[in-house]
Amino acid sequence: DTGVSQDPRHKITKRGQNVTFRCDPISEHNRLYWYRQTLGQGPEFLTYFQNEAQLEKSRLLSDRFSAERPKGSFSTLEIQRTEQGDSAMYLCASSLGPQNTGELFFGEGSRLTVL
Amino acid sequence: LAKTTQPISMDSYEGQEVNITCSHNNIATNDYITWYQQFPSQGPRFIIQGYKTKVTNEVASLFIPADRKSSTLSLPRVSLSDTAVYYCLVVPTDDKIIFGKGTRLHILP
């Protein structure tokens, strides 16, 4: 297994367009997290899953953001009607669940630029 | 969720031992203390995790006093490649994992 993979690594889009990011976690990992990170800040929690169940979504996240994890394997994060403020690095991480007893393994991230 | 407080930045020199202290006054009984390292344009990487006393691995040591309201990450004999952001996290066993702003460590030659 090569670890957590994210696709695409870079995405440039125009304001108002929709974008989707994909995360493939380490195969036996039950927990999957999405974070957003801007320059100089720590990763900001967006949402997380236990298998296919979305356990929590950040209250700071607008309704334009949606995530799913069908069948408890890969996950997608969609941003509708992108805004310039959505420009950031989107990080996915997975861990061996069901509880937080081990480390998070992060992907390399998907960098979004909204023009 | 327990909040963490750590220095915004630190400088040190190659070959020195670096200690980064984090305070987490409202840590809960079942929470673990975990540290991550992040290089530019990469995702964070797990360094070490502990519950109490001292934990050591090939990369670092983690010191946790009896009251668990603080912890200290110790990096022995740092090199230029240790320049990174270091995050102290209090990890609940069954809740989301939150990152703070971290400590920017700059190693000088």
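The structure reproduced in this document is the subject of the present report. What you are looking at is a predicted structure, and each value in this text was computed from that prediction instead of being measured.

Moving on: the interface of chain B and chain A. Of the residues lining the interface, 21 residues belong to chain B; the matching set on chain A comes to 23 residues. A buried area of about 1800 Å², summed over both sides, lies between chain B and chain A, and 49% of it is on carbon and sulfur atoms. It is Lys96, Ile97 and Phe99 of chain B that lose the most area in chain B upon contact with chain A, and together they represent 27% of the buried surface on that side. When the shortest N-O distance is used, the salt bridge between Lys96 of chain B and Glu56 of chain A registers 2.8 Å. In this assembly, chain B and chain A are joined by 7 residue pairs in polar contact (both at pLDDT 80 or more). For the side of chain B that touches chain A, the elements supplying multiple residues, two or more each, are β3 (32-38), β4 (45-50) and β8 (84-91) of chain B. Here the side of chain B that touches chain A is built from residues that sort into 9 nonpolar, 7 polar and 5 charged.

On to the sheet that holds strand β6 (residues 61-64) of chain B, then. All names here are of chain B. Taken in spatial order, the 4 strands line up as β2-β7-β6-β5 in an open sheet, and their pairing is antiparallel. Strands with a single pairing partner mark the edges of an open sheet, and in this sheet they are β2 (18-23) and β5 (53-56). Each neighbouring strand pair of the sheet contributes to a mean axis angle of 15°, computed without reference to strand direction.

Attention now moves to the environment of Ile107 of chain B. All names here are of chain B. Here Ile107 is to be found in strand β9 (residues 103-108). Separated by 29 residues in the primary sequence, Ile107 and Val78 place their C-alpha atoms 7.4 Å from one another. Setting aside its immediate chain neighbours within four residues, Ile107 contacts Ser12, Tyr13, Glu14, Val18, Val78, Ser79, Leu80, Asp82 and Thr83.

This next bit is on the sheet that holds strand β8 (residues 75-79) of chain A. Residues and elements named next belong to chain A. With antiparallel pairing, 4 strands are arranged side by side in an open sheet as β1-β3-β8-β7. Pairing within the sheet leaves two strands with one partner each, and these edge strands are β1 (5-7) and β7 (65-68). Along the sheet, successive strands turn relative to each other by an average axial angle of 15°, direction set aside. In terms of strand pairing, β1 meets strand β3 (residues 19-24) through 3 bridges, oriented antiparallel. If you follow Gln6 over to β3, its bridge partner there is Cys23.

Further remarks concern the nonpolar core. Val18, Trp35, Ile47, Leu73, Leu75 and Tyr86 of chain B are the most contacted members of the largest nonpolar core, which has 21 residues in total. Of the residues forming this core, the biggest block, 4 residues, is contributed by β8 of chain B. Apart from the residues within four sequence positions on either side, Ile47 of chain B is in contact with Trp35, Tyr36, Gln37, Asn57, Val59, Ala60, Leu73 and Tyr86 of chain B. By size, the runner-up hydrophobic cluster in this structure holds 19 residues, among which are Val4, Leu32, Phe65 and Leu77 of chain A.

The next point concerns the state of the cysteines. Using the criterion set out here, one finds 2 disulfides over all chains in the structure. A sulfur-sulfur distance of 1.8 Å marks the disulfide that ties Cys23 of chain A to Cys92 of chain A. Its S-S torsion of about -70° marks the bond between Cys23 of chain A and Cys92 of chain A as left-handed, since a negative value means left-handed. With a gap of 69 residues between them, Cys23 of chain A in strand β3 and Cys92 of chain A in strand β9 (residues 88-95) connect regions that are remote in the sequence. A relative accessible area of 0% places Cys23 of chain A in the buried class. Judged by relative accessible area, which is 0%, Cys92 of chain A ranks as buried. The disulfide that involves Cys22 of chain B links it to Cys88 of chain B, with 2.2 Å between the sulfurs. As the torsion about the S-S bond is roughly -80°, the Cys22 of chain B-Cys88 of chain B disulfide counts as left-handed. Of this pair, Cys22 of chain B sits in strand β2 while Cys88 of chain B is found in strand β8, placing the two residues 66 residues apart along the sequence. The burial state of Cys22 of chain B is the same as that of Cys88 of chain B; both residues are buried.

What counts, and where the lines are drawn
Residues numbered from 1 in each chain as written. Chains lettered and ligands numbered in written order. Predicted model: local features only at pLDDT ≥ 70, side-chain atom pairs only at ≥ 80, totals over all residues. Heavy atoms only, no water. Contact = heavy atoms within 4.5 Å. Buried area = accessible area lost by both parts, 1.4 Å probe. Salt bridge = Lys/Arg side-chain N within 4 Å of Asp/Glu carboxyl O. Polar contact = N/O pair within 3.5 Å; in protein donor to acceptor, adjacent residues only side chain to side chain. Helix = DSSP H or I, 4+ residues; strand = E, 2+ residues; numbered from the N terminus. Nonpolar A, V, L, I, M, F, W, Y, C, P; charged D, E, K, R; others polar. Pairing = 2+ DSSP bridges. Axes fitted to C-alpha atoms, helices over the stretch in contact; angles between N-to-C directions. Core = buried A, V, L, I, M, F, W, Y, C linked by side-chain atoms within 4.5 Å. Buried < 20%, exposed > 50% of the residue type's maximum accessible area, 1.4 Å probe, protein only. Disulfide = S-S within 2.5 Å.

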